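Structural description and commentary
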Amino acid sequence: MGEIVEFPSNGHGASGYLATNPIGHGAGVIVIQEYWGLVPHIKDVCDRLAAEGFTTLAPDLYHGQTTTEPDEAGKLMMAMNIDQAARDMSGAVDYLLGLDAVDGPKVGVIGFCMGGGLALVLGCQRPDAIGAVVPFYGLIPWAHAQPDYSRLDAPVLGHYAGDDGFFSPELVDQLQATLTSLGKDADLEVYPGVEHAFFNDTRPEVYDAEAAARAWVQTVGFLHSNLEE
């Protein structure tokens, strides 16, 4: 359904996976990868969102590198240039907003694991252009990349796992308290009894079909209600 496209990124080139919906136009959504890279699962999320009426773009933050090995994924994540990733995500936003297939003045962003954290980062960096933020079990492992949440203007719908060894329910509570104290519209839900990456149906050891289905329905409704005029 989708295709690889190239777009400018602050004077440099970047690429990503673009999926357009069957009617040819709709609200735009940026999809941010897990630490595995721009793998088939992330492309499938783009395709699924396109089937729901959105125009979606997943920027390739690893510039062609992917892996299925956790150790290698961790190395790729920690070696990633955060400033470059921020430019790539911002370039993806501008590219998406410039397409005739994208309706509305703002786009949404959804991300998973590392990408969930980066979705929050992007929401804070581009409040002018981000109209909805959906982090799935998002974590931000880079100390110097913590967002300035006071800049966040978009509502947040977060999906987190009760048995998450990376971003625990206690950390979810802390993030919720931070966003609430700043007057932000944020609803961070913890799904009991599921593990980190419960939405990833390519990983049967952690995938939870019931939780994933419920999170998906909520996400699609949230994006439609906040991005469509």
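Residues numbered from 1 in each chain as written. Predicted model: local features only at pLDDT ≥ 70, side-chain atom pairs only at ≥ 80, totals over all residues. Heavy atoms only, no water.

Moving on to the pairing of strand β3 (residues 26-32). Within β3, seven of the seven residues are buried, which leaves the element mostly enclosed by the surrounding structure. Relative to strand β5 (residues 102-112), β3 runs parallel, the two sharing six bridges. The partner of Ile30 across the bridge, within β5, is Val109. Bridge analysis of β3 against strand β4 (residues 55-59) gives three bridges, and the strand direction is parallel. What sits directly across from Gly28, in β4, is Thr55. Viewed along the sheet, the connection from β3 through helix α1 (residues 40-51) into β4 turns out right-handed. (Buried < 20%, exposed > 50% of the residue type's maximum accessible area, 1.4 Å probe, protein only. Helix = DSSP H or I, 4+ residues; strand = E, 2+ residues; numbered from the N terminus. Pairing = 2+ DSSP bridges. Right-handed = clockwise from strand over helix to strand, strands pointing away.)

With that settled, consider α1. The end-to-end C-alpha distance of α1, which contains 12 residues, comes to 16 Å, matching closely the 16 Å that a straight helix rising 1.5 Å per residue would cover. Among all positions of α1, only His41, Ile42, Val45, Cys46, Asp47, Leu49 and Ala50 are buried. At its buried positions, α1 is contacted by β2 (12-19), β3, β4, β5 and α6 (209-227). Where α1 terminates, the next one or two residues include Gly53, which has phi positive at roughly 110 degrees. (Expected span 1.5 Å × (residues − 1). Contact = heavy atoms within 4.5 Å.)

So, on to the nonpolar core. The biggest cluster of nonpolar side chains holds 86 residues, and the ones touching the most others in it are Ile30 and Val31. Per-element accounting of this core gives the leading share, eight residues, to α6. Sequence-distant contacts of Ile30, that is, excluding residues within four places in its chain, are made with Leu57, Pro59, Ala92, Val93, Leu96, Val107, Gly108, Val109, Ile110 and Leu122. (Core = buried A, V, L, I, M, F, W, Y, C linked by side-chain atoms within 4.5 Å.)

With that settled, the discussion passes to helix α2 (residues 70-79). It helps to recall that an α-helix has 3.6 residues per turn; residues three or four apart then point in one direction. For α2, every residue scored as buried is listed here: Ala73, Gly74, Leu76 and Met77. The arc that holds every buried residue of α2, seen down its axis, measures 165 degrees, which confines them to one face. For α2, exposure combined with an orientation more than 90 degrees from the buried face picks out Asp71, Lys75 and Ala79. At its buried positions, α2 is contacted by α4 (114-125). (Arc of directions from axis to C-beta.)

The subject of this paragraph is unusual backbone geometry. In this model, Tyr137 sits at a positive phi of 35 degrees, which is unusual for a non-glycine residue. Summarising the element assignment, Tyr137 is placed in the loop between β6 (130-136) and β7 (156-163). A relative accessible area of 0% means that Tyr137 is categorised as buried. In this structure, Ala197 takes a positive phi of about 70 degrees despite not being glycine. Tracing the backbone shows Ala197 in the loop between β8 (186-195) and α6. On the basis of relative accessible area, Ala197 is assigned to the buried category, the value being 0%.

Moving on, we get to the environment of Ala209. Note on placement: Ala209 falls in helix α6. For Ala209, a relative accessible area of 44% puts it in the partly exposed group. For the pair Ala209 and His144, spaced 65 residues apart in the sequence, the C-alpha separation amounts to 35 Å.

Below, the discussion takes up the sheet that holds β4. Taking strand neighbours across the sheet as the criterion, the eight strands line up as β1-β2-β4-β3-β5-β6-β7-β8 in an open arrangement whose pairing is mixed. Looking at the sheet topology across the chains shown, the edges are occupied by β1 (3-9) and β8. Strand-to-strand, the axes of this sheet are offset by a mean angle of 25 degrees, without reference to chain direction. Here seven bridges tie β7 to β8, and the two strands are oriented parallel to one another. (Axes fitted to C-alpha atoms, helices over the stretch in contact; angles between N-to-C directions.)

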